[in-house]
Amino acid sequence: MGNSQSPPANPRFTSASRSFTPKELEDLKSLFASLAAQSQSNGQYISSSVFQVYFGLKGPLGDRMFDLATQGRKDDKLGFEDLVTTKGTYEKGTNDEIEEFIYRLLDVTNDEILTRSDLESVLITMFDHIFHLKGSGPGSRSNCYMVDTFLNAASFSKDHDGCNDKSMSFEDFKSWCSLVPSVKKFLASLFVPPDPGRLGSQVPKLQHLENIDSSVILLRDEYAWHIGGALSQEELEEWKLLYHSALNGLSFNTFLGNVSNNDGPTVLIIKDREGYIFGGYASQPWERHSNFYGDMKSFIFQLYPKASIFRPTGANSNLQWCAVNFSSEAIPNGFGFGGRINHFGLFLSAGFDQGHTFSCTTFNSPCLSKTSQICPEVIECWGVVRKGMEHEKQDVVKGTVLERFKEDRHMLNMVGIANASE
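Residues numbered from 1 in each chain as written. Predicted model: local features only at pLDDT ≥ 70, side-chain atom pairs only at ≥ 80, totals over all residues. Heavy atoms only, no water.

Q: It is not clear to me how the overall build of the chain should be interpreted in this structure. Could you clarify?
A: When its secondary structure is counted, the chain shows 14 helices and 14 strands. As displayed, the chain has an accessible area near 19,500 Å², and 48% of this comes from carbon and sulfur atoms. (Helix = DSSP H or I, 4+ residues; strand = E, 2+ residues; numbered from the N terminus. Areas by Shrake-Rupley, 256 points an atom, 1.4 Å probe, with all protein chains shown as cover.)

Structure (structure tokens):
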């Protein structure tokens, strides 16, 4: 009956299709049919405008995502095979495949050179999207000061012929993602319909007394989002102000009294006289000990002028420190994170008038401020409210980072960042 043959199957589509269950493929067919109808294409393709509106993508980031999804054809036509192939790579691929996709996504100029300008465009789009969900006006630039703090954490080490400026290599990109996991979370979840709870978009609700002038609060929404990049979704619902030095005084006893009623994790934030802002996430309550304690969920961070998070390496278990009313010089009174006695990653003395920060192997972290000696100007502490979860103290996790909590590792694996700290 003739020599007619079916067109050869697209091997990438065939491979990607196997990543989905029959139910998932049917759901993708329904999604494609709905978006193609909105594109007025007689069910043949999805247009760029409809694609970007549905997934909540805007500006250079939205254009670049559509370009990658259509294999760079520039025909404004996203077919069903394109949708399945892209989602199969981006959502179902290996960690390396997902990271490679995001790395290419950041190259918004599509010149195979990932520059600081590319990252700046992406970060502006991200912040507009995330904090518009929080209620800021369209096109707001109130959060753009954060762009520089995130860029300050990035490295650009790749040379190019005929170009003075260096670009971000793939290894630079992976290192940056480990420092700013909130960015990785967001960029790894763009093929999910946008809503305030979408992975990478959730910002904790910051609760404090109404009579407190918000201008004295260090913790801004943007900072909370950055810190939350290393936390589970359950820990991103609500944070409550427990202590603020401008309101409660620079007193260690007052600090401990205010935070002692909170049996969950806390977020400590310090601004020193140099203007640097940094702190730590304490997974265990602040309690009197004569030695280090805590578990592998604690970490320290920088907020300004650089945004970075430093999680435990497993090199040692010197995580939290809280010593009160000890008379021995071998047990310094105060509280902090990491390092070793008198050489902590971050430490505040019981007088709350001085402290220090040194590079430490506990978190593979640098000095968090301009110098190792710090003079605190503002200290505040927030309690993480984990609604719907039991507030039982967790046992100390001993050993390597591979022994972290399984639920949190599963969550991190979902966005491909669990291995970043191994």
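Q: Is there a simple way to think about the pairing of strand E9 (residues 320-323) in this case?
A: Side-chain direction in a regular strand flips from residue to residue, so the side chains alternate between the two faces of the sheet. Here E9 shows a buried face lined by Gln320 and Cys322 and a second buried face lined by Trp321 and Ala323. By the bridge criterion, four bridges tie E9 to strand E10 (residues 334-340) in an arrangement that is antiparallel. Considered in E10, the bridge of Gln320 is made with Phe337. (Buried < 20%, exposed > 50% of the residue type's maximum accessible area, 1.4 Å probe, protein only. Pairing = 2+ DSSP bridges.)

Q: Can you walk me through helix H5 (residues 80-92) in this structure?
A: The terminal C-alpha atoms of H5 lie 17 Å apart, and with 13 residues this matches the ideal 18 Å at 1.5 Å per residue to within 8%. Among the residues of H5, those classed as buried are Phe80, Asp82, Leu83, Val84, Thr85, Thr86, Lys87, Gly88 and Tyr90. (Expected span 1.5 Å × (residues − 1).)

Q: What is the right way to read the pattern of salt bridges from this model?
A: Note that side chains of opposite charge can pair when their charged atoms are close. Tallying each qualifying case throughout the model produces 13 salt bridges. Residue Glu26 is joined to Lys29 by a salt bridge in which the shortest nitrogen-to-oxygen separation is 3.7 Å. Placement of both Glu26 and Lys29 in helix H2 (residues 22-38) is noted, with a separation of three residues, approximately one turn of the helix. A relative accessible area of 42% means that Lys29 is categorised as partly exposed. (Salt bridge = Lys/Arg side-chain N within 4 Å of Asp/Glu carboxyl O.)

Q: Would you mind going over unusual backbone geometry with me for this structure?
A: Between Tyr304 and the following residue, Pro305, the backbone shows a cis peptide bond with an omega angle of 5 degrees. Within the element layout of this structure, Pro305 appears in the loop between strand E7 (299-304) and strand E8 (308-310). Look at Asn42: it is not a glycine, yet its phi comes out positive at around 60 degrees. The topology assignment puts Asn42 in the loop between H2 and helix H3 (48-55). For Glu112, which is not glycine, the phi dihedral falls at a positive 60 degrees. Relative to the helices and strands, Glu112 is located in the loop between helix H6 (95-106) and helix H7 (116-133). For Glu112, a relative accessible area of 71% corresponds to the exposed category.

Q: What should I look at first to understand the sheet that holds E8 in this one?
A: Within a sheet, neighbouring strands are paired by backbone hydrogen bonds and run either parallel or antiparallel to one another. Read from one edge to the other, the open sheet built from seven strands follows the order E3-E4-E14-E5-E6-E7-E8, with strand pairing classed as mixed. Single-partner strands in this sheet number two, and they are strand E3 (205-207) and E8. The sheet shows a mean angle of 25 degrees between the axes of neighbouring strands, direction not considered. Summarising the sheet, E3 and strand E4 (residues 238-244) pair through three bridges and their orientation is parallel. When the bridges of E4 are listed, Leu206 appears paired with Trp239. Lying over the sheet, helix H13 (residues 252-259) contacts E4, strand E5 (266-272) and strand E14 (376-385), oriented at roughly 155 degrees with respect to E4. (Axes fitted to C-alpha atoms, helices over the stretch in contact; angles between N-to-C directions. Contact = heavy atoms within 4.5 Å.)

Q: In this structure, what is going on with the nonpolar core? I would like to understand it.
A: One broad rule of soluble globular proteins: the nonpolar side chains tend to lie buried together. Grouped together as the largest cluster of nonpolar side chains are 113 residues, with contacts concentrated most on Trp176, Leu187, Leu219, Trp225, Trp239, Phe255 and Trp286. For this core, the element with the highest residue contribution is H7, accounting for seven residues. (Core = buried A, V, L, I, M, F, W, Y, C linked by side-chain atoms within 4.5 Å.)

Q: In this structure, what is going on with the sheet that holds E9? I would like to understand it.
A: Here five strands make up an open sheet; going across it, the order is E9-E10-E11-E12-E13 and the pairing antiparallel. Since the sheet does not close on itself, it has two edges, and those belong to E9 and strand E13 (373-374), each with one partner. As paired strands, strand E11 (residues 343-349) and strand E12 (residues 355-356) are joined by two bridges and run antiparallel to one another. Its bridge partner lying in E12, Leu348 is registered against Gly355.

Q: Looking at this structure, how should I read the environment of Gly62?
A: In this fold, Gly62 is placed in helix H4 (residues 59-69). On the basis of relative accessibility, which here comes to 0%, the residue Gly62 falls in the buried class. Separated by 60 residues in sequence, Gly62 and Val122 place their C-alpha atoms 9.4 Å apart. Other than its neighbours up to four places away in sequence, Gly62 contacts Gln52 and Leu57.

Q: Could you clarify how one ought to interpret the environment of Gly345 in this entry?
A: Here Gly345 shows up in strand E11. Taking the C-alpha atoms as reference points, Gly345 and Leu319, 26 residues apart in sequence, are found 9.3 Å from one another.

Q: What am I meant to see in the side chain of Arg64 here?
A: Its place among the elements puts Arg64 in helix H4. Taking the relative accessible area as the measure of exposure, Arg64 reaches 5% and is therefore buried. In this structure the side chain of Arg64 is engaged in a polar contact, spanning 3.0 Å, whose partner is the backbone oxygen of Arg104. (Polar contact = N/O pair within 3.5 Å; in protein donor to acceptor, adjacent residues only side chain to side chain.)

Q: Looking at this model, I keep getting lost on the side chain of Ser182. Mind explaining?
A: Residue position: Ser182 is located in helix H10 (residues 181-187). Classification of Ser182 by relative accessible area gives buried; the value is 2%.

Q: Sorry if this is basic, but what is going on with the packing of aromatic side chains here?
A: Applying the stated criterion to the full structure yields 34 aromatic pairs. Both rings, one in Tyr281 and one in Phe299, keep their centres 5.0 Å apart while their planes meet at 15 degrees; by these two values the pair is stacked. Of this pair, Tyr281 sits in strand E6 (residues 277-282) while Phe299 is found in strand E7, placing the two residues 18 residues apart along the sequence. When its relative accessible area of 1% is taken as the criterion, Phe299 is described as buried. Aromatic rings pair up to connect Phe51, Tyr54, Phe55, Phe66, Tyr90, Phe101 and Phe191 into one cluster. Over the aromatic face of Phe326 sits the side chain of Arg288, whose NZ or CZ is 4.0 Å from the ring centroid. (Phe/Tyr/Trp six-rings, centres within 6.5 Å; stacked < 30°, edge-to-face > 60°. Lys NZ or Arg CZ within 6 Å of the ring centre and 35° of its normal.)

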